[in-house]
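# Secondary and tertiary structure notes
Given next are the chains, with one letter for each unit.
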Amino acid sequence: KEVDRLLLGVSEKGKPFYQDFKEINQHMFLPATTGGGKTILLLNYIEFALMKKYPFLFIDGKGSKESIDDVKTLCDKYGKDLTVFSDEGNVTYNPLKYGNATVIKDKLQQLIETESTYYTDISTSLVQAIIQFIDDYGFKRDLWTFSKYLDPNEIKKVLNEDTVELEEVILDEKNSDFSEENDEEEDFASYFDGGESEIAATKDNSASEEDKDAKASQKTIVKQVRSERAERNYERFFKRYAHEEEGDMYLFSNASSVRTQIYLLLDSEIGHLFKESNNDVDLLRVSENKEALFFSLDGLIYDNYIKVIARFLILDLNYLVSYRNRQKLNDQPFLAIYDEFSVYANEKIVDTINKSRSAGFHCIIATQMLADLEKIDPTLAKQVVGNTNTYAIGQTNHPHEVEAWANTLGTYKDVDLTIQTEKQTGRIERRDQKSDQGSLRHVQKYVITPDEIRRLSKGQFIIARKASSEIKKPEIVYVRHPLKGL
């Protein structure tokens, strides 16, 4: 039975502390200050995933080389290759690989949002039109291709070369007049008695000769016109805006922020990482082949970019969740660890984590303090705490955090017994007066006191398990180090 459970360490009672891995399917929150042993605890879950051959994704917002090395050491022990996407590596990531035009528009939303709703809407229309254009023509779908077609001349070049042949038949003008004269003669002949059949025969013969002459005088002109596909895209980009002040360049004239942001990213030191290659990040492949992926960017150097890239990744996770739901893979666990969560957190990722449970995701959100999440959004910490059912609370030094966690872990009913003492000469004599002068009162006491939280040291965690199949009180656990002896 214990083989199917996760050994986290030793409880204060000196007994092995096990946790059912399935509890993490209801998600876990892990706050611990720097040096509190957060990575050590996370390694236990990674080791279990490796033992069970589950796929896993580790997103690190700190860009810690030490964390990469630790995870790689574990992977080597279990014979698993680790794919690492980082600013120092050569693994690439194509964020436009999966999803329809609407999904891609949402991925690029952070790049195209401006203070003006008007200009944001224009930029959004342009982004969606470019993705539809790229898909219509079967071009490679990546940021570099996208940036090329931010130039309207490049789009027009493709559309104007996408032509089909159209034949147009033109009759000679003289022949047309002759035909009209015959029509007049036919009308006049009908007035003569007894001449109808003769004139009719003459008419038939005339028509026959006339048809021959007409065919001889016809001209067939072959024109090159834009295809239906080209016309459809011409309409999206240009024709429908011809009445605007800027004319058919309306979308491109008012969406300069898209070009600016895309080129800033591609021209940066990490721009080369967004070209599609054979050595790339592919979440669907990670899931299907049960692979191990570590996603790391240094949040100190690439603070602005990591938020954008994280948004790309989160929407790819949304796509993966949808795919796994369609394939009914909820019984095949996928471990997702979001470390240094505050560096890239937003409401999208919280929503993704909430919805991913049905797809078999087992999620762990790790950060240093609740305050880190509150800095992003005053309600974000409450959302995370409210949407996770396992807490692993590590070392914390802030009084507000200590009180918050003591209250979150809750209280229990207890009875306080008071007694009285009497003073006698030279000494104090304690007497039990509970029957006459003592008192009993019902009180609420902390399950884990604030002082116990304050005393936590490196490697000690309070584990609270609301997702357990049995009622479990929070316990202080001394976490095992999976790399000791390796």
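See the structure printed just above.
Residues numbered from 1 in each chain as written. Predicted model: local features only at pLDDT ≥ 70, side-chain atom pairs only at ≥ 80, totals over all residues. Heavy atoms only, no water.

## Let's talk about the sheet that holds strand E4 (residues 56-60)
Across a sheet, strands are paired by hydrogen bonds formed along the backbone, either parallel or antiparallel in direction. With respect to topology, 11 strands assemble into an open sheet ordered E2-E1-E17-E16-E11-E3-E10-E9-E4-E8-E5, the strand pairing being mixed. Every other strand in the sheet has two partners, leaving strand E2 (16-20) and strand E5 (82-85) as the edge strands with one partner each. Across this sheet, the average inter-strand angle for adjacent strands is 25 degrees, counted without regard to direction. Direction of pairing for E4 relative to strand E9 (residues 334-339): parallel, over a ladder of five bridges. Counted as the bridge partner of Phe58 is Ile337 from E9. Across the face of the sheet, helix H18 (residues 399-409) comes into contact with strand E3 (28-31), strand E11 (390-393) and strand E16 (460-465) while running at roughly 145 degrees to E11. (Pairing = 2+ DSSP bridges. Helix = DSSP H or I, 4+ residues; strand = E, 2+ residues; numbered from the N terminus. Axes fitted to C-alpha atoms, helices over the stretch in contact; angles between N-to-C directions. Contact = heavy atoms within 4.5 Å.)

## So, the nonpolar core
By size, the foremost hydrophobic cluster in this structure holds 95 residues, and its most contacted members are Leu108, Phe146, Tyr338 and Phe341. Examining the composition of this core, we find that 11 residues originate from one element, helix H14 (residues 303-326), more than from any other. If near-sequence neighbours (up to four positions away) are discounted, Phe146 is found in contact with Leu96, Leu108, Val127, Ile130, Ile131, Ile134, Val258 and Ile262. Listed in part, the 38 residues of the second largest apolar core include Leu8, Leu43, Phe58 and Ile364. (Core = buried A, V, L, I, M, F, W, Y, C linked by side-chain atoms within 4.5 Å. Buried < 20%, exposed > 50% of the residue type's maximum accessible area, 1.4 Å probe, protein only.)

## Comments concerning the pattern of salt bridges
Within this structure, the stated rule accounts for 25 salt bridges. Among the salt bridges present, the one from Arg454 reaches Glu403, with a minimum N-O distance of 3.5 Å. Placement of the pair is Arg454 in helix H19 (residues 450-454) and Glu403 in helix H18, with a sequence separation of 51 residues. A relative accessible area of 32% places Glu403 in the partly exposed class. (Salt bridge = Lys/Arg side-chain N within 4 Å of Asp/Glu carboxyl O.)

## Remarks on the packing of aromatic side chains
For the coordinates displayed, the defined rule picks out 25 aromatic pairs. Judged by centre distance (5.7 Å) and plane angle (25 degrees), the rings of Phe21 and Tyr54 are stacked. In this pair, Phe21 sits in the loop between E2 and E3 while Tyr54 sits in the loop between helix H1 (38-52) and E4, placing the two residues 33 residues apart along the sequence. Looking at Phe21, the relative accessible area reads 5%, which means it is buried. Looking at Tyr54, the relative accessible area reads 19%, which means it is buried. Where Phe133 meets Phe237, the ring centres are 5.9 Å apart and the plane angle is 80 degrees; that geometry is what we call edge-to-face. Of this pair, Phe133 sits in helix H5 (residues 117-137) while Phe237 sits in helix H10 (residues 228-237); the two residues are 104 residues apart in sequence, bridging distant segments of the chain. Following the ring pairs from residue to residue traces out a cluster consisting of Phe133, Tyr137, Phe139, Tyr149, Tyr234, Phe237, Phe238 and Phe252. Positioned above the aromatic ring of Tyr234 is the side chain of Arg226, whose terminal nitrogen or guanidinium carbon lies 3.8 Å from the ring centre. The residue whose ring lies beneath Lys275 is Trp144, and the NZ or CZ to ring-centre distance is 4.7 Å. (Phe/Tyr/Trp six-rings, centres within 6.5 Å; stacked < 30°, edge-to-face > 60°. Lys NZ or Arg CZ within 6 Å of the ring centre and 35° of its normal.)

## Quick word on unusual backbone geometry
Only a minority of non-glycine residues have a phi that is not negative, and only a minority of peptide bonds are not trans. Of note, the phi angle at Lys290 is positive, near 55 degrees, even though the residue is not glycine. If you trace the backbone, Lys290 turns up in the loop between helix H13 (283-288) and strand E8 (292-296). Overall, the relative accessible area of 30% leaves Lys290 in the partly exposed class. Phi is positive for Glu340, which is not a glycine, with a value near 50 degrees. With respect to the secondary-structure elements, Glu340 resides in the loop between E9 and helix H15 (347-355). Look at Glu340 and you get buried, because its relative accessible area is 6%.

## Looking at the environment of Gly394
In this structure, Gly394 sits in the loop between E11 and H18. Note on Gly394: relative accessible area 1%, which makes it buried. Here the alpha-carbon distance between Gly394 and Val477, two residues 83 residues apart in the chain, equals 9.9 Å. Setting aside residues up to four positions removed in sequence, Gly394 forms contacts with Pro31, Ala32, Leu456, Gln460 and Phe461.

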